[in-house]
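# Coordinates in review
Read off the chains here:
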Amino acid sequence: MINNLRRLVPVLDWGRNYTRGAFSNDLIAALIVTIMLIPQSLAYALLAGLPPEAGIYASIVPIVLYAIFGTSRALAVGPVAVVSLLTATAIGQVAEQGTAGYAVAALTLAFLSGAFLVLMGVMRLGFMANFLSHPVIAGFITASGVLIATSQLRHILGVDAHGHTLPEMIGSILAHLPETNWVTLAIGSLATGFLFWVRKHLKHFLGFLGAGPVLANILTKAGPVAAVVATTVTVWALGLNAQGVQIVGTVPQGLPPFTMPDLSLDLVGELIAPAILISIIGFVESVSVAQTLAAKKRQRIDPDQELIGLGAANLGAAFTGGYPVTGGFARSVVNFDAGAETPAAGAFTAVGLAIAAFALTPLVYFLPKATLAATIIVAVLSLVDFSVLKKTWVYSRADFVAVAATIGLTLGLGVEVGVASGVVTSILLHLYKTSRPHVAEVGLVPGSQHFRNILRHEVETIPSIVTLRVDESLYFVNARFLEDLIQHRVPDGSSVSHVILMFSAVNEVDYSALESLEAINQRLSDMGVGLHLSEVKGPVMDRLKRSHFLDQLNGRVFLSQYEAWITVGAHDNVVETVRNRSKL
């Protein structure tokens, strides 16, 4: 009972052994992450089309709930660029930006995402993350990064451009280019250049000046804060808002309010599909980051419990004025590098953000939106990695097609189509690869009991025996492939007298594949050719025994391939040595 409770509420596990050293490390990590998240949370709320305070609210209670229910020691939960873009796309179709209905739709989207994630966790469906291939996810994130950066150019230029796809955005920006506010452009350009310099060179520069690693790291992460302070003071001091520079304006001062999502059937019906897509994308991104960081410290995460942790975080956002959240790559890496040892670092970060929401929000009244746009651009461009196209082209053309299609569809038709195409492409890619399983004709390695591909190794074969090693489970997608392969290899009038199917790599034989095996057996029986199986795994054998296949089999089932070779080959007088040079 206690162990089950600790599994459902991981804080009861790691909290028992919480030390003073862990407290100190978590506190330092929380300080660094809080400094990073203040401008980032405001910026991502802008990206989602929500008031800036929504980004802060979405970074407080959700972090605390994940710290209680999540299993990763370093994952930092909150608003992220891709989910913010997906949120804007989803709720922009049901409400007008800037209205109360828009904010309520965001709450509803967070609630539906959270409920779906918790439901998946309770049903232990964490394995569903595997349905999205990593190359496809990389392609989607790359395309999303391009879309996000392009969408922020309107704030850098100070123009009223719109669009959901890359062609629409570029067309709109070009059409409004004559309306550029040059003061806004100067602020945005300087902020962007400064933030790029901070990201690439500041830590090295501070080290050159003699600053210690910890201080250099803190100051580097505080770069966006410096940009916020400098541009805010400049706009205030020079009254640049009167010259058309768009500013954040009034941000409510105080802790996150209690809010209620709208669960009317009409709104739920319109948002349920986007909520599911956001949940899946967010979960995949979060688990990928969490697993990577956990592996570095030889820790493990529980994907099913992660679903519950992320679900609780989103439910928390729905009732505290936020919008959908997930584990962010950049903030999690910063949290990890800063020395976070437990999820308590997230809770301390939430306290820091709560203090900022209560005490610092009046100070951002004159904060230019161009600075927030610069923060987003610098953050998301680090996610853009077109090298995945080259890597997949070299390694696997099928993966390349999937990645290229995902990038193209996301840029050309929008993020929702991109997400859907990523899911469909991943599934189709799996079906394509398994529809043509690798089946090798094998022979005996001289002086051993091992069998290898006759095209790659020097092996012994018997002309009257064909041994095929099936390197994939057999199911409805590929069942006919094996049937056609054997018909081609053993045509009518062939001198072959025995066919041995080596099932050492077959983990599953579904009913469609069973029918194909029955058809193969019937055809070979009519030809007077024996069909034999070798090295059949226990679960596969158990299922075959529940059918009539083994009773109708005109050959035998052997424990090992060598036993089948010796027994079936005993009737042949000549053993031919076929020397095939390795093609490796």
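Counting from 1, residues in each chain are numbered in the order their sequence is written. Owing to the predicted nature of the model, reporting of local features is limited to residues with pLDDT of at least 70; listing and counting of side-chain atom pairs is limited to 80 or more, with chain, interface and lining totals taken over all residues. In computing side-chain values, all of the structure's heavy atoms are included and hydrogens and water are not.

## What to know about the pairing of strand S7 (residues 498-502)
Relative accessible area decides the class of each residue, using a 1.4 Å probe on protein chains only: under 20% of the type maximum gives buried, over 50% gives exposed, and in between gives partly exposed. Only DSSP runs of H or I with at least four residues qualify as helices, and only runs of E with at least two residues qualify as strands; both kinds are numbered from the N terminus onward. The buried fraction of S7 amounts to five of the five residues, a majority that puts the element mostly inside the structure. The side-chain alternation of S7 yields two buried faces, one formed by His-498, Ile-500 and Met-502 and the other by Val-499 and Leu-501. The sheet contact formed by strand S6 (residues 465-470) and S7 spans five bridges and is parallel. Bridge pairing links Val-466 to Val-499 in S7. Note on pairing: DSSP must find at least two bridges between two strands before they are called paired. In the sheet, S7 pairs with strand S8 (residues 530-534) via five bridges, with the strands oriented parallel. Bridge pairing in S8 links Val-499 to Leu-531. With its strands directed away from the observer, a crossover is right-handed exactly when the path from the first strand over the helix to the second travels clockwise. Each parallel crossover has a hand, and the one from S7 via helix H23 (residues 511-527) to S8 is right-handed.

## Describing the packing of helix H3 (residues 20-48) against helix H16 (residues 329-337)
For the pair H3 and H16, interaxial distance at closest approach is 9 Å and the crossing angle is 165 degrees. Relative to H16, the element H3 lies roughly antiparallel. Between H3 and H16 lies a crossing whose hand is right-handed. Touching Ala-29, Ile-32, Val-33, Met-36, Leu-37, Gln-40 and Tyr-44 of H3 are Ala-330, Arg-331, Val-334 and Asn-335, all from H16. Geometry is summarised by axes, namely lines fitted to C-alpha atoms with helices restricted to the contacting stretch, and by angles between N-to-C directions that run from 0 to 180 degrees. Any angle that falls under 35 degrees is termed roughly parallel, while one over 145 is termed roughly antiparallel, one within 65 to 115 roughly perpendicular, and all others oblique. Two helices cross in a left-handed way if the nearer one is turned anticlockwise from the farther one by less than a right angle. They cross in a right-handed way if the turn is clockwise. Note on contacts: a residue pair qualifies if any of its non-hydrogen atoms lie within 4.5 Å across the two residues.

## So, helix H26 (residues 561-569)
All of the buried residues in H26 are Gln-561, Ala-564, Trp-565, Val-568 and Gly-569. When H26 is viewed along its axis, its buried side chains cluster within an angular range of 105 degrees and face the same direction. Note that the arc is computed from the directions linking the helix axis to the C-beta atoms.

## What to know about a nonpolar patch on the surface
Residues enter a patch when their relative accessible area is above 30% and they make no salt bridge; the linking distance is 9 Å between like charges and 5 Å between nonpolar side chains (Val, Leu, Ile, Met, Phe, Trp, Tyr). Calculation of accessible area relied on Shrake-Rupley with a 1.4 Å probe; when residues are assessed, cover is drawn exclusively from the protein chains displayed. The salt bridge definition used is simple: a Lys or Arg side-chain nitrogen within 4 Å of an Asp or Glu carboxyl oxygen. A contiguous nonpolar patch, built from Phe-194, Trp-197, Phe-205, Phe-208 and Leu-209 and spanning about 540 Å² of accessible area, is present on the exposed surface. Looking at where Phe-205 falls in the secondary structure, it is placed in helix H11 (residues 182-208).

## Description of the side chain of Ser-435
Mapped onto the elements, Ser-435 comes out in helix H21 (residues 415-435). Using a relative accessible area of 19% as the deciding quantity, one classes Ser-435 as buried. Within the structure, Ser-435 has its side chain in polar contact with the backbone oxygen of Tyr-432 (distance 2.7 Å). Dropping the residues within four chain positions of it, Ser-435 is found in contact with Val-477, Asn-478 and Phe-481. N or O atoms within 3.5 Å of each other form a polar contact, as long as, within protein, one can give a hydrogen and the other can take it, and as long as residues adjacent in sequence are counted only when both atoms are side-chain atoms.

## Observations concerning the pairing of strand S3 (residues 439-444)
Most of S3 sits out of view: five of its six residues are buried. With antiparallel pairing between neighbouring strands as the criterion, S3 and strand S4 (residues 451-453) make up a hairpin whose turn holds six residues, including Gly-447 at a positive phi of roughly 75 degrees.

## Brief notes about the pattern of salt bridges
Overall, the coordinates contain six salt bridges when judged by the stated rule. Among the ionic pairs, Asp-304 bridges to Arg-124, the shortest N-O distance being 3.4 Å. In this pair, Asp-304 sits in helix H15 (residues 303-318) while Arg-124 sits in the loop between helix H7 (100-122) and helix H8 (134-151), placing the two residues 180 residues apart along the sequence. A relative accessible area of 13% places Asp-304 in the buried class.

## Section: the side chain of Thr-326
Secondary-structure assignment places Thr-326 in strand S2 (residues 326-327). A polar side-chain atom of Thr-326 sits 2.7 Å from the main-chain carbonyl oxygen of Gly-282.

## Considering the nonpolar core
Here, the term nonpolar core denotes a set of buried Ala, Val, Leu, Ile, Met, Phe, Trp, Tyr and Cys residues that are joined through side-chain atoms within 4.5 Å. One finds Leu-86, Phe-140 and Tyr-323 to be the most contacted residues of the largest nonpolar core, which totals 112 residues. Per-element tally for this core: the top contributor is helix H14 (residues 265-296), with 13 residues. Non-local contacts of Phe-140, meaning those with residues more than four positions away in its chain, are made with Val-82, Leu-86, Ile-281, Thr-406, Thr-410, Val-415, Gly-418 and Val-419. Ranked by size, the runner-up nonpolar core spans 29 residues in total, among them Leu-501, Val-506, Ala-513 and Leu-544.

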